[in-house]
Amino acid sequence: MKNDTTVSVPGLPLDAAKTPVAVPVPVSTHQHPPVAMAPELSQQWNTKNLGFRLGADAASAACAASMIAPVISIIDRSIMENASGRSTLAQSIKTSLRTLLTRPSTVLFSRPVALIFMLYGGTYLTANTLDTASSTVRGHPATYVSSGTDKFAASSAANVGLCIYKDQVYVKLFGPGGPPRPVPLPTYALFALRDCLTIFASFNVPPLLGPVVSERLSAEMRRRVSGETIAQFAAPAAVQLFSTPIHLLGLDVYNRPTTVGGVSWADRWALVRKNWLISCAARVCRIVPAFGLGGTVNMKVRRNLMEKLS
């Protein structure tokens, strides 16, 4: 006799053996590394009106350079002619001013003025285009003005290189009579050292000196002028006390080569001391328009143009 007895298991229905049971598929416990997703850009490049913005950089640099070029050209020529003995500093300035008033086109479109325009126009343009590049890559407004070491390095390289080229042409134009001679390497080195001192005093010293000056100004004075503004004008002017003898020594090395007459260093320093004060005063007058007026005009013209293009 067949035994159909069914044993019940607590918690299971009687027909559980006939019901298919879903067996869970084992899941691997191995952790796969997360898939690296492309990082989302945190900012977008600001390329709006980029071509016009570069044009504004050039226009503001040209505007500033054209305003200061005639005055600086006259001062630089007077220093060169005074150092070479062709004319006194005062007589050279009088002659140039007389020509500027009676025949302005002769001065304004001359090679010396064009060289000054190239020097400061190139310096301002380098700084402006670097600001535009920074605002484009970092997504800042078109009016953004950078102040990092990259801007200082680029502006310094442009200024020093263009200034050395300008001076080697000036010494040939306004040096002692006779056929032009090649500019010796020591003169190039002295001119480069002179420009490095001026650039350092113009870009690096004012941010450090400005807060110190502001602390010593009265509240009434601070409302009229900031310590940074005073430092911006005072530092480049003060450094001329040290850079002027270097400039005069470089000129004398060209004007009186060592191979001609055996000029001693004592003779050179005697001539430098003779022309130190008057040349220093002239170079201070040169620095004020170059780094004061020219820089201000370039900044304001660029800012106004960029505000219209933003």
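Coordinates for the structure precede this section.
Just so we're clear, the structure is a prediction, and the values are computed from it rather than from any experiment. (Residues numbered from 1 in each chain as written. Predicted model: local features only at pLDDT ≥ 70, side-chain atom pairs only at ≥ 80, totals over all residues. Heavy atoms only, no water.)

## Re the environment of Phe 233
Reasoning step 1: With respect to the helices and strands, the residue Phe 233 is situated in helix α8 (residues 227-238).
Reasoning step 2: Beyond its immediate chain neighbours, meaning those up to four positions away, Phe 233 contacts Val 288 and Gly 292. (Helix = DSSP H or I, 4+ residues; strand = E, 2+ residues; numbered from the N terminus. Contact = heavy atoms within 4.5 Å.)

## Describing a nonpolar patch on the surface
Reasoning step 1: A cluster of nonpolar residues, Leu 241, Phe 242, Trp 276 and Leu 277, forms a patch on the protein surface that exposes about 450 Å² of accessible area.
Reasoning step 2: Elements supplying a minimum of two residues to the nonpolar patch: α9 (240-255) and α10 (265-309).
Reasoning step 3: Examined against the element boundaries, Leu 241 turns out to sit in helix α9.
Reasoning step 4: Since its relative accessible area comes to 44%, Leu 241 is described here as partly exposed. (Patch = residues over 30% accessible without salt bridge, like charges linked within 9 Å, V, L, I, M, F, W, Y side chains within 5 Å. Areas by Shrake-Rupley, 256 points an atom, 1.4 Å probe, with all protein chains shown as cover. Salt bridge = Lys/Arg side-chain N within 4 Å of Asp/Glu carboxyl O. Buried < 20%, exposed > 50% of the residue type's maximum accessible area, 1.4 Å probe, protein only.)

## Examining empty space enclosed by the protein
Reasoning step 1: Evaluation of the coordinates by the stated rule reveals 3 cavities of 30 Å³ or more.
Reasoning step 2: Approximately 150 Å³ is the volume found for the largest cavity.
Reasoning step 3: Around the largest cavity, the lining comprises 18 residues; the ones closest to its centre are Cys 163, Arg 194, Asp 195, Arg 283 and Arg 286.
Reasoning step 4: Counting residues per element, the ones that place at least two in the lining of the largest cavity are α1 (50-84), α4 (111-138), α5 (149-174), α6 (185-215) and α10.
Reasoning step 5: Tallied by class, residues from the lining of the largest cavity come to 8 nonpolar, 3 polar and 7 charged. (1 Å grid on protein atoms, 1.4 Å probe; cavity = no way out; pocket = protein on both sides within 12 Å on 5 of 7 lines; lining within 4 Å. Points joined across faces, edges and corners; volume = space filled by probe spheres on them. Nonpolar A, V, L, I, M, F, W, Y, C, P; charged D, E, K, R; others polar.)

## Description of the pattern of salt bridges
It is possible for side chains bearing opposite charge to pair when their charged atoms get close.
Reasoning step 1: For the structure shown, the criterion picks out 11 salt bridges.
Reasoning step 2: Two residues, Arg 194 and Asp 195, come together in a salt bridge whose shortest N-O distance is 2.9 Å.
Reasoning step 3: One connected set of salt bridges, linked through shared partners, spans Asp 76, Lys 166, Asp 167, Arg 194, Asp 195 and Arg 286.

## Focus on the environment of Ser 78
Reasoning step 1: Mapped onto the fold, Ser 78 is located in helix α1.
Reasoning step 2: Residues Ser 78 and Thr 95, 17 residues apart in the sequence, show an inter-C-alpha distance of 9.6 Å.
Reasoning step 3: In contact with Ser 78, other than residues within four places in its own chain, are Leu 89, Ser 92 and Ile 93.

## Considerations on helix α2 (residues 89-102)
Reasoning step 1: Along its 14 residues, α2 runs 20 Å from first to last C-alpha, staying within 8% of the 20 Å computed at 1.5 Å per residue.
Reasoning step 2: Among the residues of α2, those classed as buried are Leu 89, Ser 92, Ser 96 and Thr 99. Around the axis of α2, the buried residues are gathered within 100° of arc, so they sit on the same side. Residues of α2 that are exposed and point more than 90 degrees away from the buried face comprise Lys 94, Leu 101 and Thr 102.
Reasoning step 3: Tucked into the core, α2 has its buried residues touching α1, α3 (104-108) and α10. (Expected span 1.5 Å × (residues − 1). Arc of directions from axis to C-beta.)

Limitation: the analysis is restricted to geometry and does not speak to function.
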